[in-house]
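Understanding the architecture of this molecule
Okay, here's what each chain looks like letter by letter:
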Amino acid sequence: MSLLALRRLSRHYAGIAAVDRVDLDVPGGGVHALIGPNGAGKTTLFNLISGLVAPSAGTIVLDGTDVTRRGPEVRARLGIARTFQNIRIFGAMTALENVLTGLHPRFASGLGAVLVGLRRVRREERQALDRAGEALALVGLQRLAGAPAATLSYGDARRLEIARAIAGAPRLLLLDEPAAGMNPAETMALAALVRLIAQAGTTVLLVEHDMRFVMGLADSVTVLNFGRCIFHGAAEAARRDPAVIEAYLGRRG
Ligand code: ATP
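Quick look at the structure, then. (Residues numbered from 1 in each chain as written. Predicted model: local features only at pLDDT ≥ 70, side-chain atom pairs only at ≥ 80, totals over all residues. Heavy atoms only, no water.)

With their axes 11 Å apart at the nearest point, helix α7 (residues 154-166) and helix α8 (residues 184-199) run at an angle of 10 degrees to one another. Taken together, the axes of α7 and α8 are roughly parallel relative to one another. Contacts from G155, R159, I162 and I166 of α7 reach α8 at E186, A189, L190, L193 and I197. Of the residues assigned to the contact of α7 with α8, the class counts are six nonpolar, one polar and two charged. (Axes fitted to C-alpha atoms, helices over the stretch in contact; angles between N-to-C directions. Helix = DSSP H or I, 4+ residues; strand = E, 2+ residues; numbered from the N terminus. Parallel < 35°, antiparallel > 145°, perpendicular 65-115°, else oblique. Contact = heavy atoms within 4.5 Å. Nonpolar A, V, L, I, M, F, W, Y, C, P; charged D, E, K, R; others polar.)

So this is what it looks like as structure tokens:
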């Protein structure tokens, strides 16, 4: 069974089919890429999967559970995490605190738990701190745990977002253009990090424009064009596929 199965998934905006009857199976494990020209529907598809946008039609099934009508918090609890195209971190909070905000859906003790007993709350807090520390270590930011996020370099800020997303050990991690704005050294380090995350058991689905990054990293590639899936298969085969070449060349200039 696929980890993520999309069936005839569509989202329309006033006559525009941003995502148009997409069928997609993402197997558990590995790194999978979603590519396509500008406006192809990649971000809309991510928004549909993470629950930020409701589909006009179709279904989204995560590991056998139909999540089509579930909100983003429920999907986060079920194991879908994501990062955004533009960095979304809290500058005045420390790196560690930023990662802790990512653990909220799993560790929210709430008033009920406070009534049950402070001991459990403290234990949850300790667990959350441990997990946040591990996530920061995995992305190589442990030494900056106490630094205000606003003081981080661009590359480090992007890694911090990833740390926040993986702290809850998600089953599926959606990375929206993680290499955007990174220099070649940062991009290489990012590829190594994404591999590490996949090896640790989180399936990665990423949107990326940097084709070299995608080709060297992805086990499979899905190509969207005008909201439709026009290719799904190995990265090397995508490069030679006439419909994919046409989609990219046809939009130039
Ligand atoms: P890019 O690579 O430029 O980020 P993309 O592949 O992520 O593009 P989307 O942002 O998903 O593409 O957009 C797909 C289409 O849907 C575009 O034509 C876009 O203008 C349209 N669209 C997306 N969101 C909305 C919205 N909220 N309202 C109206 N149209 C939208």
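Now that the structure has been shown, the text picks up again.
Ring pairs (aromatic) are described by centroid distance and by the angle formed between their planes. Applying the stated criterion across every chain yields a total of zero aromatic pairs. Residue placement shows R88 over the ring face of F84; its charged tip is 3.7 Å from the ring centre. (Phe/Tyr/Trp six-rings, centres within 6.5 Å; stacked < 30°, edge-to-face > 60°. Lys NZ or Arg CZ within 6 Å of the ring centre and 35° of its normal.)

Around the ligand lies a shell formed by Y13, A18, P37, N38, G39, A40, G41, K42, T43, T44, Q85 and H209. N38 has a polar side-chain atom sitting 3.5 Å from an oxygen atom of the ligand. Protein chains bury 61% of the 630 Å² of accessible surface belonging to the ligand in isolation. Here the element with the most residues in the shell around the ligand is helix α1 (residues 42-50); it accounts for three residues. (Near = heavy atom within 4 Å. Polar contact = N/O pair within 3.5 Å; in protein donor to acceptor, adjacent residues only side chain to side chain. Areas by Shrake-Rupley, 256 points an atom, 1.4 Å probe, with all protein chains shown as cover.)

We now examine the pairing of strand β3 (residues 31-35). Judged by how many residues are buried, β3 sits mostly within the fold: five of five residues are covered. Residues V31, A33 and I35 of β3 are buried on one face, and the alternating residues H32 and L34, pointing to the opposite face, are buried as well. The pairing of β3 with strand β9 (residues 220-225) spans four bridges and is classified as parallel. If you follow L34 over to β9, its bridge partner there is T222. (Buried < 20%, exposed > 50% of the residue type's maximum accessible area, 1.4 Å probe, protein only. Pairing = 2+ DSSP bridges.)

Now for the sheet that holds strand β8 (residues 203-207). Across the sheet, six strands lie side by side as β6-β7-β8-β3-β9-β10; this open sheet has mixed pairing. Looking at which strands have only one partner, the edges of the open sheet turn out to be β6 (80-82) and β10 (228-233). Averaged over all neighbouring strand pairs, the angle between strand axes comes to 20 degrees, with direction disregarded. Here four bridges tie β3 to β8, and the two strands are oriented parallel to one another. Opposite H32, over in β8, you have L205 as the bridge partner. The strands touched by α1 are β3, β6, β7 (172-176), β8 and β9; relative to β7, the strand with the most contacts, the crossing angle is about 150 degrees.

It is worth spelling out the packing of helix α6 (residues 118-138) against α7 at this point. Their axes nearest at 9 Å, the elements α6 and α7 cross at an angle of 140 degrees. The orientation of α6 with respect to α7, classified from their angle, is oblique. Crossing angle aside, the handedness with which α6 passes α7 is right-handed. Judged by residue contacts, A135, L136 and L138 of α6 engage L160, A163 and I166 from α7. In terms of residue class, the contact of α6 with α7 is built from six nonpolar, no polar and no charged. (Left-handed = near helix turned anticlockwise from the far one by under 90°.)

What follows is about the pattern of salt bridges. Following the criterion strictly, the structure yields seven salt bridges and no others. Note that R239 and E236 form a salt bridge whose closest N and O atoms lie 3.1 Å from each other. Taken together, the positions of R239 and E236, both in helix α10 (residues 235-240) and three residues apart, correspond to about one turn of that helix. One network of salt bridges, in which partners are shared, links D20, R21 and R228. (Salt bridge = Lys/Arg side-chain N within 4 Å of Asp/Glu carboxyl O.)

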